[in-house]
Amino acid sequence: IEQSTNLYDESKNVEGKGLSSVTGLIIDVACWKTNNEFIPVTPNTTICIKGVGLYSMHDTNKTFISSANIADADVPDGKAVALGANVYYIRCAQHTSFWAYPMQVNVGNVVLPYQKYGLHIDNDYVAKNDKTDYFAPQNLKDDYVAEAKTYAFLSSLSSLYAAY
């Protein structure tokens, strides 16, 4: 079981919402999409942002610090961004002209291959251990299991192993 390297959860995107570059708040704007999530990051580190046109930076209390645009040429392939000493959270938004590109945020100074946000579980492992049918085809959406079902499955495993 592995956590995705992608910190951005696209499943929570809302079309018609964007970020204010002045306040960092979610605003109504027809040609953008974003989600309400504050992505936790570590101050004084580097992250890579891909598929994102605008991001905002926030302190430990989620108070807006500043925002920055990603140059159009950098959106498809991504860009490394150095975070300041007070940046504990970021938010991201994407313009309609780049909706063909998945949104991605990963730690480090190298853009990693795209992974969907969430937990990834090896199919062989599931076949051997899923006695709950949480991972049956009818419970999958785009080959991923809903977060609640993933945690329920993990809980069932921990109680199974505790019995031994």
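Residues numbered from 1 in each chain as written. Predicted model: local features only at pLDDT ≥ 70, side-chain atom pairs only at ≥ 80, totals over all residues. Heavy atoms only, no water.

Enquirer: Explain the nonpolar core to me, using residue names and the numbers behind them.
Expert: Ranked by size, the top nonpolar core spans 18 residues in total, and within it Ile47, Ile49, Tyr55, Ile90, Cys92 and Val105 carry the most contacts. Secondary-structure elements contributing two or more residues to this core are strand S5 (46-50), strand S6 (54-58) and strand S9 (89-95). When sequence neighbours within four positions are dropped, the list of residues in contact with Cys92 reads Tyr8, Leu19, Thr34, Ile39, Val52, Leu54, Tyr55, Met103 and Val105. (Core = buried A, V, L, I, M, F, W, Y, C linked by side-chain atoms within 4.5 Å. Buried < 20%, exposed > 50% of the residue type's maximum accessible area, 1.4 Å probe, protein only. Helix = DSSP H or I, 4+ residues; strand = E, 2+ residues; numbered from the N terminus. Contact = heavy atoms within 4.5 Å.)

Enquirer: Before we move on, can you summarise the pairing of S6 with the specific residues and values?
Expert: Two faces make up the sheet, and in a regular strand the side chains alternate between them. Of all five residues that make up S6, five are buried, and the element is covered over most of its length. Side chains of S6 alternate between two faces, with Leu54, Ser56 and His58 and Tyr55 and Met57 buried alike. When S6 meets strand S7 (residues 64-69), the two strands line up antiparallel, connected through five bridges. Bridge pairing in S7 places Tyr55 opposite Ala68. Hairpin connection between S6 and S7: a loop of five residues separates the two successive antiparallel strands, and Lys62 in this loop has a positive phi of roughly 65°. In terms of strand pairing, S6 meets S9 through five bridges, oriented antiparallel. Considered in S9, the bridge of Ser56 is made with Arg91. (Pairing = 2+ DSSP bridges.)

Enquirer: Just give me the short version of the packing of aromatic side chains, but keep the residues and values in it.
Expert: Under the counting rule described, the total for this entry stands at two aromatic pairs. With a centroid separation of 6.1 Å and 45° between ring planes, the pair formed by Phe98 and Tyr101 is classed as tilted. Looking at Phe98, the relative accessible area reads 13%, which means it is buried. We classify Tyr101 as partly exposed; its relative accessible area is 34%. Above the face of the Tyr89 ring, Lys62 is positioned so that its terminal group lies 5.1 Å from the ring centre. (Phe/Tyr/Trp six-rings, centres within 6.5 Å; stacked < 30°, edge-to-face > 60°. Lys NZ or Arg CZ within 6 Å of the ring centre and 35° of its normal.)

Enquirer: Explain the sheet that holds S5 to me, using residue names and the numbers behind them.
Expert: Pairing is antiparallel in the open sheet, where three strands are placed in the order S8-S5-S10. Whereas interior strands pair on both sides, the edge strands pair on one side only; in this sheet they are strand S8 (79-82) and strand S10 (104-107). Ignoring strand direction, the axes of neighbouring strands in this sheet form an average angle of 30°. Pairing geometry for S5 and S10, over four bridges, is antiparallel. Across the sheet, the residue bridging to Cys48 is Asn106, located in S10. (Axes fitted to C-alpha atoms, helices over the stretch in contact; angles between N-to-C directions.)

Enquirer: Any details on the pattern of salt bridges? Residues and values, ideally.
Expert: If you walk through the whole model with that rule in mind, you get three salt bridges. Lys12 is the salt-bridge partner of Glu37, the closest N and O atoms lying 3.6 Å from each other. Linking Glu37 in the loop between strand S3 (26-34) and strand S4 (39-40) with Lys12 in the loop between strand S1 (2-3) and strand S2 (14-19), this pair joins segments that are 25 residues apart in sequence. The salt bridge involving Asp28 is made with Lys17; its shortest N-O contact spans 2.3 Å. Separated by 11 residues along the polypeptide, Asp28 in strand S3 and Lys17 in strand S2 bring together distant segments of the chain. Judged by its relative accessible area of 29%, Lys17 is partly exposed. (Salt bridge = Lys/Arg side-chain N within 4 Å of Asp/Glu carboxyl O.)

Enquirer: Quick one: what's the story with the side chain of Asn35, residue by residue and with numbers?
Expert: Position of Asn35 relative to the elements: it lies in the loop between S3 and S4. Using a relative accessible area of 4% as the deciding quantity, one classes Asn35 as buried. Within the structure, the side chain of Asn35 is placed 3.4 Å from the side chain of Tyr8, a separation counted as a polar contact. Here the side chain of Asn35 touches Asp9 through a polar contact of 3.0 Å, landing on its backbone oxygen. Contacts of Asn35, omitting those with residues within four sequence positions, involve Tyr8, Asp9, Lys12, Asn13 and Ile26. (Polar contact = N/O pair within 3.5 Å; in protein donor to acceptor, adjacent residues only side chain to side chain.)

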